[in-house]
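Structural overview for review
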Amino acid sequence: MTNYSEKFEKMRIAGKLAARTLDMLTDNIKVGVSTAHIDKLGYEFIRDNGGYSAPLYYRGFNKSLCTSLNHVVCHGIPSEERILVEGDAVNVDVTAIINDYYGDTSRMFCIGDTSVKLNNLINATYESMMRAIKILKPGIKLGDIGYEIQSYVEDKGFSVVRDFCGHGISNTFHEPPNILHYGNKNVGIELTPGMTFTIEPMINAGKFSTKVLNDGWTAVTRDKSLSAQFEHTIGITENGYEIFTESAKGYSKPPYL
(Lines give C-alpha, C1' and ligand atoms only; values in the text may rest on other atoms or scores of the structure.)
Protein backbone atom coordinates (compact mmCIF):
# COMPACT_ATOMS: atom_id res chain seq x y z
CA MET A 1 0.00 0.00 0.00
CA THR A 2 1.38 3.40 -0.99
CA ASN A 3 1.52 6.19 1.54
CA TYR A 4 -1.05 8.16 -0.45
CA SER A 5 -3.55 5.32 -1.09
CA GLU A 6 -5.99 6.54 1.60
CA LYS A 7 -5.84 10.08 0.21
CA PHE A 8 -6.48 8.80 -3.32
CA GLU A 9 -9.44 6.72 -2.16
CA LYS A 10 -11.05 9.82 -0.62
CA MET A 11 -10.26 11.83 -3.76
CA ARG A 12 -11.97 9.15 -5.87
CA ILE A 13 -15.15 9.45 -3.82
CA ALA A 14 -15.24 13.25 -4.03
CA GLY A 15 -14.28 13.27 -7.69
CA LYS A 16 -16.92 10.70 -8.56
CA LEU A 17 -19.63 12.77 -6.85
CA ALA A 18 -18.59 15.91 -8.73
CA ALA A 19 -18.59 14.05 -12.06
CA ARG A 20 -21.95 12.41 -11.33
CA THR A 21 -23.37 15.87 -10.62
CA LEU A 22 -22.38 17.03 -14.11
CA ASP A 23 -23.75 13.79 -15.58
CA MET A 24 -27.09 14.44 -13.84
CA LEU A 25 -27.20 18.06 -14.98
CA THR A 26 -26.55 17.26 -18.64
CA ASP A 27 -30.18 16.67 -19.66
CA ASN A 28 -31.29 19.75 -17.69
CA ILE A 29 -28.97 22.21 -19.43
CA LYS A 30 -31.13 23.35 -22.34
CA VAL A 31 -33.03 26.24 -23.89
CA GLY A 32 -35.33 28.02 -21.42
CA VAL A 33 -33.57 26.92 -18.22
CA SER A 34 -32.13 29.54 -15.86
CA THR A 35 -28.59 29.19 -14.56
CA ALA A 36 -30.07 29.48 -11.04
CA HIS A 37 -32.10 26.32 -11.72
CA ILE A 38 -28.92 24.48 -12.74
CA ASP A 39 -27.33 25.68 -9.50
CA LYS A 40 -30.29 24.45 -7.42
CA LEU A 41 -30.24 21.02 -9.06
CA GLY A 42 -26.49 20.71 -8.49
CA TYR A 43 -26.72 21.75 -4.85
CA GLU A 44 -29.52 19.27 -4.14
CA PHE A 45 -27.81 16.36 -5.89
CA ILE A 46 -24.55 16.85 -3.99
CA ARG A 47 -26.43 17.26 -0.68
CA ASP A 48 -28.61 14.20 -1.30
CA ASN A 49 -25.49 12.10 -1.99
CA GLY A 50 -23.77 12.97 1.26
CA GLY A 51 -21.63 15.89 0.11
CA TYR A 52 -21.46 19.66 0.23
CA SER A 53 -20.92 22.21 -2.55
CA ALA A 54 -17.51 23.77 -1.96
CA PRO A 55 -18.16 27.13 -3.70
CA LEU A 56 -21.18 27.90 -1.49
CA TYR A 57 -20.07 30.74 0.84
CA TYR A 58 -16.44 30.30 -0.22
CA ARG A 59 -14.96 33.79 0.19
CA GLY A 60 -18.47 35.20 0.00
CA PHE A 61 -19.58 33.36 -3.17
CA ASN A 62 -23.32 32.75 -2.68
CA LYS A 63 -24.00 29.94 -5.15
CA SER A 64 -23.17 26.22 -5.24
CA LEU A 65 -21.52 26.09 -8.67
CA CYS A 66 -20.24 28.41 -11.40
CA THR A 67 -22.02 28.95 -14.71
CA SER A 68 -19.81 30.79 -17.21
CA LEU A 69 -21.49 31.65 -20.50
CA ASN A 70 -20.00 32.63 -23.86
CA HIS A 71 -17.43 35.38 -23.16
CA VAL A 72 -17.33 34.64 -19.40
CA VAL A 73 -13.99 32.97 -18.67
CA CYS A 74 -14.78 31.61 -15.20
CA HIS A 75 -16.62 32.17 -11.91
CA GLY A 76 -19.93 33.14 -13.53
CA ILE A 77 -22.65 33.50 -10.89
CA PRO A 78 -25.91 31.60 -11.50
CA SER A 79 -29.01 33.81 -11.63
CA GLU A 80 -32.75 33.62 -12.20
CA GLU A 81 -32.43 36.30 -14.89
CA ARG A 82 -29.97 34.44 -17.12
CA ILE A 83 -32.04 32.04 -19.21
CA LEU A 84 -30.20 29.75 -21.63
CA VAL A 85 -30.95 30.47 -25.28
CA GLU A 86 -30.16 28.78 -28.58
CA GLY A 87 -26.49 29.23 -29.50
CA ASP A 88 -25.21 29.73 -25.96
CA ALA A 89 -22.34 27.74 -24.54
CA VAL A 90 -21.91 27.42 -20.78
CA ASN A 91 -19.18 26.01 -18.61
CA VAL A 92 -20.57 24.42 -15.45
CA ASP A 93 -17.96 24.07 -12.70
CA VAL A 94 -18.74 21.75 -9.79
CA THR A 95 -16.70 21.11 -6.64
CA ALA A 96 -18.01 18.57 -4.16
CA ILE A 97 -16.72 18.02 -0.64
CA ILE A 98 -17.26 14.60 0.90
CA ASN A 99 -15.43 13.27 3.96
CA ASP A 100 -13.43 16.54 3.98
CA TYR A 101 -11.93 15.89 0.52
CA TYR A 102 -12.61 17.81 -2.67
CA GLY A 103 -13.46 16.81 -6.24
CA ASP A 104 -13.34 19.65 -8.77
CA THR A 105 -14.44 19.37 -12.41
CA SER A 106 -16.08 21.34 -15.20
CA ARG A 107 -17.48 20.75 -18.67
CA MET A 108 -18.78 22.84 -21.53
CA PHE A 109 -22.40 22.51 -22.64
CA CYS A 110 -23.79 23.71 -25.98
CA ILE A 111 -27.36 25.01 -26.06
CA GLY A 112 -28.98 23.95 -29.34
CA ASP A 113 -26.97 24.73 -32.45
CA THR A 114 -23.72 26.56 -31.79
CA SER A 115 -21.38 28.23 -34.26
CA VAL A 116 -18.55 26.42 -36.00
CA LYS A 117 -16.08 28.82 -34.36
CA LEU A 118 -17.44 28.07 -30.90
CA ASN A 119 -17.43 24.32 -31.54
CA ASN A 120 -13.81 24.50 -32.72
CA LEU A 121 -12.86 26.45 -29.57
CA ILE A 122 -14.59 23.92 -27.30
CA ASN A 123 -12.96 20.96 -29.07
CA ALA A 124 -9.50 22.56 -28.89
CA THR A 125 -9.92 23.35 -25.19
CA TYR A 126 -10.91 19.79 -24.35
CA GLU A 127 -8.15 18.32 -26.49
CA SER A 128 -5.53 20.59 -24.91
CA MET A 129 -6.52 19.41 -21.42
CA MET A 130 -6.40 15.76 -22.41
CA ARG A 131 -3.04 16.16 -24.18
CA ALA A 132 -1.63 17.65 -20.97
CA ILE A 133 -3.11 14.88 -18.84
CA LYS A 134 -1.73 12.12 -21.06
CA ILE A 135 1.90 13.18 -20.49
CA LEU A 136 1.57 13.11 -16.68
CA LYS A 137 3.97 10.89 -14.76
CA PRO A 138 6.61 11.30 -12.05
CA GLY A 139 9.63 13.25 -13.23
CA ILE A 140 8.00 15.63 -15.70
CA LYS A 141 7.88 19.32 -14.78
CA LEU A 142 4.89 21.61 -14.33
CA GLY A 143 6.07 23.64 -17.31
CA ASP A 144 5.54 20.60 -19.53
CA ILE A 145 1.80 20.77 -18.75
CA GLY A 146 1.59 24.42 -19.72
CA TYR A 147 3.66 23.90 -22.85
CA GLU A 148 1.42 21.07 -24.04
CA ILE A 149 -1.73 23.22 -23.70
CA GLN A 150 -0.29 26.49 -25.01
CA SER A 151 1.43 25.04 -28.06
CA TYR A 152 -1.68 23.11 -29.09
CA VAL A 153 -4.24 25.91 -28.81
CA GLU A 154 -2.03 28.70 -30.16
CA ASP A 155 -1.36 26.59 -33.24
CA LYS A 156 -5.14 26.73 -33.81
CA GLY A 157 -5.29 30.51 -33.41
CA PHE A 158 -6.61 30.58 -29.84
CA SER A 159 -5.04 31.99 -26.67
CA VAL A 160 -4.46 30.74 -23.11
CA VAL A 161 -5.80 32.79 -20.20
CA ARG A 162 -2.94 33.87 -17.90
CA ASP A 163 -4.93 35.29 -14.98
CA PHE A 164 -6.32 31.97 -13.68
CA CYS A 165 -4.77 28.55 -13.32
CA GLY A 166 -5.17 25.05 -11.97
CA HIS A 167 -4.24 24.29 -8.38
CA GLY A 168 -3.34 21.66 -5.86
CA ILE A 169 -6.38 20.11 -4.19
CA SER A 170 -7.01 17.42 -1.57
CA ASN A 171 -8.57 18.17 1.84
CA THR A 172 -8.18 21.86 0.96
CA PHE A 173 -9.98 23.52 -1.97
CA HIS A 174 -6.96 25.43 -3.27
CA GLU A 175 -3.40 24.59 -2.27
CA PRO A 176 0.06 24.64 -3.88
CA PRO A 177 1.22 24.20 -6.53
CA ASN A 178 -0.34 26.52 -9.11
CA ILE A 179 -0.79 24.71 -12.44
CA LEU A 180 -0.20 27.22 -15.23
CA HIS A 181 -1.73 26.42 -18.60
CA TYR A 182 1.13 28.07 -20.52
CA GLY A 183 4.88 27.76 -20.18
CA ASN A 184 8.07 26.08 -21.29
CA LYS A 185 9.19 22.47 -21.19
CA ASN A 186 11.40 21.26 -18.32
CA VAL A 187 10.63 24.27 -16.10
CA GLY A 188 9.09 24.29 -12.64
CA ILE A 189 8.36 21.73 -9.93
CA GLU A 190 8.89 18.06 -10.75
CA LEU A 191 5.86 15.81 -10.41
CA THR A 192 6.04 13.10 -7.72
CA PRO A 193 3.70 10.23 -6.81
CA GLY A 194 0.86 11.29 -4.54
CA MET A 195 0.47 14.83 -5.91
CA THR A 196 -3.15 15.84 -6.56
CA PHE A 197 -4.17 18.89 -8.57
CA THR A 198 -6.53 20.25 -11.22
CA ILE A 199 -5.85 20.92 -14.87
CA GLU A 200 -8.45 23.40 -16.11
CA PRO A 201 -7.39 25.37 -19.19
CA MET A 202 -9.37 28.50 -20.02
CA ILE A 203 -8.97 29.19 -23.74
CA ASN A 204 -10.12 32.33 -25.57
CA ALA A 205 -11.07 32.72 -29.21
CA GLY A 206 -9.47 36.18 -29.13
CA LYS A 207 -6.73 37.63 -26.94
CA PHE A 208 -5.92 36.21 -23.49
CA SER A 209 -6.63 39.36 -21.44
CA THR A 210 -9.46 39.19 -18.90
CA LYS A 211 -11.17 41.49 -16.43
CA VAL A 212 -13.33 40.85 -13.36
CA LEU A 213 -16.74 42.52 -13.24
CA ASN A 214 -18.03 44.65 -10.38
CA ASP A 215 -19.54 41.62 -8.63
CA GLY A 216 -15.96 40.67 -7.73
CA TRP A 217 -16.23 37.20 -9.27
CA THR A 218 -17.28 37.08 -12.92
CA ALA A 219 -14.19 37.08 -15.16
CA VAL A 220 -14.76 37.96 -18.82
CA THR A 221 -12.61 38.36 -21.92
CA ARG A 222 -11.56 41.98 -22.36
CA ASP A 223 -12.19 41.82 -26.11
CA LYS A 224 -15.58 40.10 -25.62
CA SER A 225 -14.36 37.04 -27.51
CA LEU A 226 -15.70 33.60 -26.68
CA SER A 227 -14.03 31.51 -23.98
CA ALA A 228 -14.14 27.80 -23.09
CA GLN A 229 -12.91 25.63 -20.23
CA PHE A 230 -12.74 22.01 -19.10
CA GLU A 231 -11.40 20.69 -15.80
CA HIS A 232 -10.36 17.42 -14.23
CA THR A 233 -8.91 16.57 -10.82
CA ILE A 234 -5.83 14.36 -11.20
CA GLY A 235 -3.54 12.26 -9.02
CA ILE A 236 0.04 11.31 -9.89
CA THR A 237 0.74 7.57 -9.47
CA GLU A 238 4.02 5.64 -9.41
CA ASN A 239 4.11 5.40 -13.20
CA GLY A 240 1.43 7.75 -14.54
CA TYR A 241 -1.78 9.39 -13.43
CA GLU A 242 -5.37 8.81 -12.33
CA ILE A 243 -8.34 11.03 -13.28
CA PHE A 244 -10.69 11.26 -10.29
CA THR A 245 -13.46 13.15 -12.11
CA GLU A 246 -14.20 11.03 -15.20
CA SER A 247 -17.85 10.74 -16.24
CA ALA A 248 -19.50 7.43 -15.35
CA LYS A 249 -21.60 7.91 -18.51
CA GLY A 250 -18.61 8.48 -20.75
CA TYR A 251 -19.41 12.18 -21.24
CA SER A 252 -16.30 14.08 -22.31
CA LYS A 253 -17.21 17.04 -24.53
CA PRO A 254 -20.32 18.16 -26.43
CA PRO A 255 -22.42 16.77 -27.92
CA TYR A 256 -23.34 14.50 -24.99
CA LEU A 257 -25.35 11.69 -26.59
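Below or above, wherever it landed, is the structure these notes cover. This is a predicted model, so every value here is computed, not measured.

Before going further, it helps to examine the environment of His-174. For His-174, the position within the fold is in the loop between β7 (166-168) and β8 (175-179). As for His-174 and Gly-42, which are separated by 132 residues in sequence, their C-alpha atoms are 21 Å apart. A polar side-chain atom of His-174 sits 2.9 Å from a polar atom in the side chain of Tyr-58.

Spatially, β3-β12-β11 is the arrangement adopted by the three strands of the open sheet, whose pairing is antiparallel. What marks the edges here is a single partner per strand, and that holds for β3 (72-74) and β11 (210-212). Geometrically, the sheet is characterised by an average inter-axis angle of 40° between neighbouring strands, direction not taken into account. The pairing of β3 with strand β12 (residues 219-221) spans two bridges and is classified as antiparallel. Residue pairing across strands places Cys-74 opposite Ala-219, the latter belonging to β12.

Quick look at the pattern of salt bridges now. Under the definition given, this model contains eight salt bridges. In this structure, the salt-bridge partner of Arg-107 is Asp-23, at a minimum N-O distance of 2.9 Å. You can see Arg-107 sitting in strand β5 (residues 101-110) and its partner Asp-23 sitting in helix α1 (residues 5-25), a full 84 residues away along the chain. Asp-23 carries the same exposure label as Arg-107, and that label is buried. With its nearest N and O atoms 2.9 Å apart, the salt bridge here joins Glu-44 to Lys-40. Taken together, the positions of Glu-44 and Lys-40, both in helix α2 (residues 35-48) and four residues apart, correspond to about one turn of that helix. With relative accessibility at 24%, the residue Glu-44 sits in the partly exposed group. A relative accessible area of 44% means that Lys-40 is categorised as partly exposed. Connected through salt bridges with shared partners, the residues Glu-9, Arg-12 and Glu-242 form a single ionic network.

Cut-offs and rules
- Starting from 1, residues in each chain are numbered consecutively following that chain's sequence as written.
- For a predicted model such as this one, the threshold for reporting local features is a pLDDT of at least 70, and the threshold for listing and counting side-chain atom pairs is 80 or more; totals across whole chains, interfaces and linings nevertheless cover every residue.
- Just so you know, side-chain values use all the structure's heavy atoms and leave hydrogens and water out.
- Secondary structure elements follow DSSP: runs of H or I no shorter than four residues count as helices, runs of E no shorter than two count as strands, and numbering proceeds from the N terminus.
- A 3.5 Å cut-off defines polar contacts: any pair of N or O atoms within that distance qualifies, except that in protein one atom must be a possible hydrogen donor and the other a possible acceptor, and neighbouring residues in sequence count only when both atoms are side-chain atoms.
- Any two strands with at least two DSSP-identified bridges between them are counted as paired.
- Geometry is summarised by axes, namely lines fitted to C-alpha atoms with helices restricted to the contacting stretch, and by angles between N-to-C directions that run from 0 to 180 degrees.
- The term salt bridge refers to a side-chain nitrogen of Lys or Arg lying within 4 Å of a carboxyl oxygen of Asp or Glu.
- Only protein chains enter the area calculation, which uses a 1.4 Å probe; residues under 20% of their type maximum are buried, those over 50% are exposed, and those in between are partly exposed.

Geometric descriptors of this kind do not, in isolation, establish any biological role.
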